[in-house]
Amino acid sequence: MAPSAAGVFDSLTMTSVELWCTSPTGFESIAADEVSDRFSKLGKLHVSCSRGVVEVCLFGCEGADWLTALADVACELQTVEHITAFIFREDALPPRFTTAADAPDAPTARSEALEWMEHNMREQGAQRLLELVPLWRAFARRLSARTINSSGGLAADVPSDELALHACAQRGGSHPFSSDEAKRAVAIGLAGGSGLRGACRKDFQLTVSVRVHLESFWVGLSLTQQRLATAEGRQIAPEPSRRSYTTLNPTLACGLLRALQLPRAGALVCDPMCGCGTIAEVGRRADFAAATFFLVGDVDGGAVDKARRNLLEASRPRGRGVMADVVHWDATRLPLRDGVLDHLVTDLPFGKRMGSKQSNRQLYPASEREFHRVLKPDSGSAVLLSADRHALSLALRAGQRWHVSLQRRVTVGGLDALLVKGLPRRERLVGQGQPGGRAHRREQGKYQESTTSAFDACTWFCLGPRSGWLVAWAVRLRHHVGVCRLTASLLSCGLCVWMAGAVLARRAYIITSKGQ
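Residues numbered from 1 in each chain as written. Predicted model: local features only at pLDDT ≥ 70, side-chain atom pairs only at ≥ 80, totals over all residues. Heavy atoms only, no water.

**Topic: the confidence of the model for the chain**
This is how it is decided: As a per-residue measure, pLDDT reflects the predictor's confidence and takes values from 0 up to 100. Only heavy atoms matter for contacts: two residues are in contact if any of them lie within 4.5 Å across the pair.
Per-residue pLDDT for the chain has a mean of 77; in total, 69% of the residues score no lower than 70. Counting contacts from residues 428-444, a segment whose pLDDT is below 50, to residues more than four positions away or on other chains yields 16 contacts.

Structure below.
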């Protein structure tokens, strides 16, 4: 007779917890660094990576306060999509369990494998499942807005003797059993050993994930029902406002920002092809970019309008200024000074929904030259993402302007993309002229005419608090007064009060003018 689940959950404690955190393929090391930074405050841990997965083992897990602290820290992860706690794990299945379904001994191997699963779930997995229920409750309360059951109440408040479980399975490789048979055997074993009620696709609270890949067999309790990027307080914007202008996952956007390795102090970060502003919006919500000023823009007017709305929406929960500007510009002719940006990060058009692969052959080289010009030569860095891997690699190699410090293949929406982090070279290329020489002055004159016309063609939207009229006044005087001299005079006269002073100084400095 199966034991009753009531009265068991609060009496059991755990000495260690193994978590299975999924991340976008190619961003595992970035996610592992974030997991190590955030979980280190909870105690001793061990972190390892595999394809699309970051495995974390935490030691010294005791007490309800520790579980609450773990849930609070885990739900703030930016580069992790789902979190699962291990119930049972076997990394070396017997060879007969990995035979093909059409093999002569497949029926016998199938029955033995299913019996083995059910037995281990009943004898070992059920006890571990009961120990993990308090941790699941802590996560459910933390993400209460996304874990509502069918009756309208919070799933975390369901009595212990009324909890029901449901199993789902993923399988890869040759096995004598199917995914449905595997999850059915796991559900029967766990329900029989723990006393919990098995359920179909409705009216369940606990989701058990079964993963069978080649010779490995993993069973875990899902602690997050949806991606952390869309959990309570983390949904970056209403979905209708984001359609047709980007497909960038917020988790990927945060991974791109973490690849920059932003310092704790304030920095100027630019996204010249922002779409609807996902990267800047995620950066404004992220703790590591709290003191960062974002400058974003796009050539499409509709995308610029949606980026403005999304950034304003992102500032409301925190009750502070946006610390970002949105510009309607052309990324191949940026109205910015030379060497003014600290970092540049962007999701280049893939040539699928936006543009084409033929147009990327001209767009990527022109953009690469402009990115190199506006970045600081000493400390600047650029992180570029594109599924048109050949065009991006060709543009970076042809210009010879970058030291590539990071290059890896990543998966974006099912597409094989390329992630590149480059540092601008300091030396001047052959044919550009020596600084101060006649050819250099002639190039500078042509450049000032080009960038001034680029500034006249762009539209600058100031989203910072109480500073829009000051910046607009500074922009109108850009042809009559030097920008740096204008900034000093404004600051000395005391016109920039509160936060507007810093915002104006930054904006006035990055704008290109004839008086520079």
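**What about the packing of helix α3 (residues 106-142) against helix α4 (residues 179-194)?**
Spelled out, the test is: Here an axis means a line fitted to C-alpha atoms, over the contact stretch when the element is a helix, while the angle between two N-to-C directions is reported on a 0 to 180 degree scale. Comment: elements are numbered from the N terminus, with helices defined as DSSP H or I runs of at least four residues and strands as E runs of at least two. Each angle is binned into one of four classes, with values under 35 degrees roughly parallel, values over 145 roughly antiparallel, values of 65 to 115 roughly perpendicular, and all other values oblique. The hand of a helix crossing depends on one turn: near helix anticlockwise from the far one by less than a right angle means left-handed, and clockwise means right-handed. Side-chain classes follow a simple rule in which Ala, Val, Leu, Ile, Met, Phe, Trp, Tyr, Cys and Pro form the nonpolar group, Asp, Glu, Lys and Arg form the charged group, and the remainder, Gly included, forms the polar group.
As a packed pair, α3 and α4 sit with axes 7 Å apart at the nearest point and diverge in direction by 40 degrees. The pairing of α3 with α4 is recorded here as oblique in orientation. As for how α3 packs across α4, the hand of that crossing is right-handed. In this structure, α3 contributes R110, L114, M117, E118, M121, R122, G125, A126, L129 and L130 to the contact, and α4 contributes E181, A182, A185, V186, I188, G189, L190, G192, G193 and S194. For the contact of α3 with α4, the per-class residue count stands at 11 nonpolar, 5 polar and 4 charged.

**A short note on the environment of P365**
Cut-off, in case you're wondering: For the exposure calls, accessible area comes from a 1.4 Å probe over protein chains only, and a residue counts as buried if that area is under 20% of its type's maximum, exposed if over 50%, partly exposed in between.
Here P365 shows up in helix α8 (residues 357-374). Overall, P365 belongs to the partly exposed group, its relative accessible area being 23%. A C-alpha to C-alpha distance of 8.1 Å links P365 and A398, two positions 33 residues apart in sequence. Among residues more than four places away in sequence, those in contact with P365 are N360 and A395.

**Looking at the sheet that holds strand β4 (residues 82-90)**
Put simply, the rule reads: A pair of strands counts as paired when DSSP detects no fewer than two bridges linking them.
Taken together, 8 strands build an open sheet; the order of strands is β2-β3-β1-β4-β8-β7-β5-β6 and the sheet is mixed. Each having just a single partner strand, β2 (45-50) and β6 (197-198) make up the two edges of the open sheet. Of the pairings in the sheet, the one linking strand β7 (residues 206-213) to strand β8 (residues 216-222) comprises 6 bridges and is antiparallel in character. Bridge pairing links H213 to S216 in β8. The sheet strands contacting helix α1 (residues 28-39) are β1 (16-22), β2 and β3 (53-59), and the helix crosses β2 at an angle near 170 degrees. Running at roughly 150 degrees to β4, α3 makes contact with β1, β4, β5 (164-172), β7 and β8 of the sheet.

**Examining the packing of α1 against helix α5 (residues 250-259)**
Packing of α1 against α5 leaves a shortest axis separation of 10 Å and a crossing angle of 80 degrees. Here α1 lies roughly perpendicular to α5, going by the angle between them. Between α1 and α5, the residues in contact are I30, E34 and R38 and G255, R258 and A259, respectively. Residue classes in the contact of α1 with α5 are distributed as 2 nonpolar, 1 polar and 3 charged.

**Quick look at α5**
Defined as follows: Pairs of N or O atoms within 3.5 Å make up the polar contacts considered here, provided that, within protein, one atom can donate a hydrogen while the other can accept it, and that residues adjacent in sequence are counted only when both atoms are side-chain atoms.
Most of α5 is tucked away, with 9 of its 10 residues classed as buried. Within α5 the residues assigned to the buried category are P250, T251, L252, A253, C254, G255, L256, L257 and A259. For α5, the N-terminal cap is N249; the gap from its side-chain oxygen to the backbone nitrogen of T251 is 2.9 Å. Immediately beyond the C-terminal end of α5, within one or two residues, lies Q261, with a positive phi of roughly 55 degrees.

**Re the environment of W116**
Structurally, the position occupied by W116 is in helix α3. Once the C-alpha coordinates of W116 and V186 are considered, the two residues, 70 residues apart in sequence, prove to be 9.7 Å apart. Contacts of W116, omitting those with residues within four sequence positions, involve F88, E90, L93, F97 and F217.

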